[in-house]
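# Residue-level structure breakdown
Now for the letters of each chain:
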Amino acid sequence: MATIQIRKYRDEDSEAVRDTYTLGISEHVPSSFMHMLKQPPTQMVLICLFCALITSSKSFLFPILALTLALAGARQLVVYVFNGHIDTSLSSDLKNISETYLKQKDSCFWVAEVDGVVVGTVACVPAENALACLELKRMSVRRSHRRMGIAKVLCRTVAEFTRERGFAAVVLFTSVVATDAKKLYEDMGYKKIRQFVLPELPAKIMNFTMIEYRLDLQREGKSE
Ligand SMILES: CC(C)(COP(=O)(O)OP(=O)(O)OC[C@H]1O[C@@H](n2cnc3c(N)ncnc32)[C@H](O)[C@@H]1OP(=O)(O)O)[C@@H](O)C(=O)NCCC(=O)NCCS
């Protein structure tokens, strides 16, 4: 069985880390599109559009074509939102990972390596809106190495780092469509503390909902 090694990020990992992150986030495009289609307002708009076109054109083909175009446009909106998010991350904290994570206090970035290849990532930074907490970020594992327990080890690495520094808890944000990630965090003992829709207009249209999770760390001698 392949040996998984968790180690701190090095500058030569940059490309592999950026790729792992981009692939991981892009995976959520289909599920986000389905999520948007399941929203009652979206269904209402599509049905109204279909009915209006069928009444005005007296044709069946035209409304179907128009609906297909509307769906293609909606999917492009989802791709646009995700690409924007990926570009923002790649040009902010993932641009200079050493500077953002390794040179700052109470922050770190780790990679999971199998046979010398980077297959997973995770990071943590002081949480902006939660006192005495660190925030887990950038969790991603390459598809080729899923269900081997790599994400669990990365979660434990962050919890250990947080506990050693005397922080009370780890917090993190994920989206409702990230089903594997939600299962992972819940299995690792994280509790859902709130749910909210992102304020940007495209996210509102998609009803793109984020979940905040928290893992309270117990004092020395007690288990998580
Ligand atoms: C979520 C993710 C990091 C899990 O990575 P992983 O290394 O495959 O996870 P692990 O093997 O450590 O599995 C840990 C637990 O997560 C849950 N889990 C992970 N993948 C799952 C799946 N496909 N179906 C159901 N549960 C799943 C299970 O509870 C699993 O425990 P088990 O194997 O004992 O049942 C990975 O799927 C991923 O990178 N996804 C894309 C990026 C992403 O969503 N990142 C999170 C952003 S917040």
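Parameters and conventions
Residues numbered from 1 in each chain as written. Predicted model: local features only at pLDDT ≥ 70, side-chain atom pairs only at ≥ 80, totals over all residues. UniProt positions renumbered as here; feature names shortened; annotations may be inferred. Helix = DSSP H or I, 4+ residues; strand = E, 2+ residues; numbered from the N terminus. Core = buried A, V, L, I, M, F, W, Y, C linked by C-beta atoms within 7 Å. Buried ≥ 20, exposed ≤ 12 C-beta atoms within 10 Å, placed from the backbone. Axes fitted to C-alpha atoms, helices over the stretch in contact; angles between N-to-C directions. Parallel < 35°, antiparallel > 145°, perpendicular 65-115°, else oblique. Left-handed = near helix turned anticlockwise from the far one by under 90°. Contact = placed C-beta atoms within 7 Å. Near = placed C-beta within 6 Å. Nonpolar A, V, L, I, M, F, W, Y, C, P; charged D, E, K, R; others polar.

## Looking at the UniProt feature "domain: N-acetyltransferase" (unreviewed entry) in the chain
Taking the UniProt record as the reference, the feature "domain: N-acetyltransferase" (unreviewed entry) is found at residues 62-211. Annotated as residues 62-211, this span is 44% helix and 29% strand, and its ends, taken at the C-alpha atoms, are 40 Å apart.

## Considering the nonpolar core
Judged by nonpolar contacts, the single largest core of 36 residues is most densely connected at L154, V158 and V170. The set of elements that each furnish at least two residues to this core consists of α1 (14-26), α5 (97-102), β2 (108-114), β3 (117-126), β4 (133-141), α6 (150-164), β5 (169-175) and β7 (209-216). The greatest single-element share of this core, amounting to six residues, is contributed by α6. F33, M36, M206 and F208 belong to the second-largest nonpolar core, a separate cluster that totals six residues.

## Points about unusual backbone geometry
In the Ramachandran plot, D106 falls in the positive-phi region, its phi being about 55° despite a non-glycine side chain. On the basis of neighbour counts, which here come to 14 C-beta atoms within 10 Å, the residue D106 falls in the partly exposed class. Although it is not a glycine, R138 adopts a positive phi angle of roughly 55°. Among the secondary structure elements, R138 is positioned in strand β4.

## Observations regarding the packing of α1 against helix α4 (residues 61-91)
Close contact between α1 and α4 brings their axes to 10 Å; oriented N to C, the two are set at 160°. When the axis of α1 is compared with that of α4, the two are roughly antiparallel. You can see that α1 and α4 cross each other, and the crossing is right-handed. In this structure, α1 contributes R18, Y21, T22, I25 and S26 to the contact, and α4 contributes F82, H85, I86, S89 and L90.

## Some words on the site of the ligand
Every one of the 19 residues lining the ligand counts as a neighbour, but G24, R146, A151, A181 and L184 are closest to it. Elements that contribute at least two residues to the shell around the ligand include exactly β4, α6 and α7 (179-187). Sort the elements by how many residues they give to the shell around the ligand and α7 lands first, with five residues. Grouping the amino acids of the shell around the ligand by side-chain chemistry returns eight nonpolar, four polar and seven charged.

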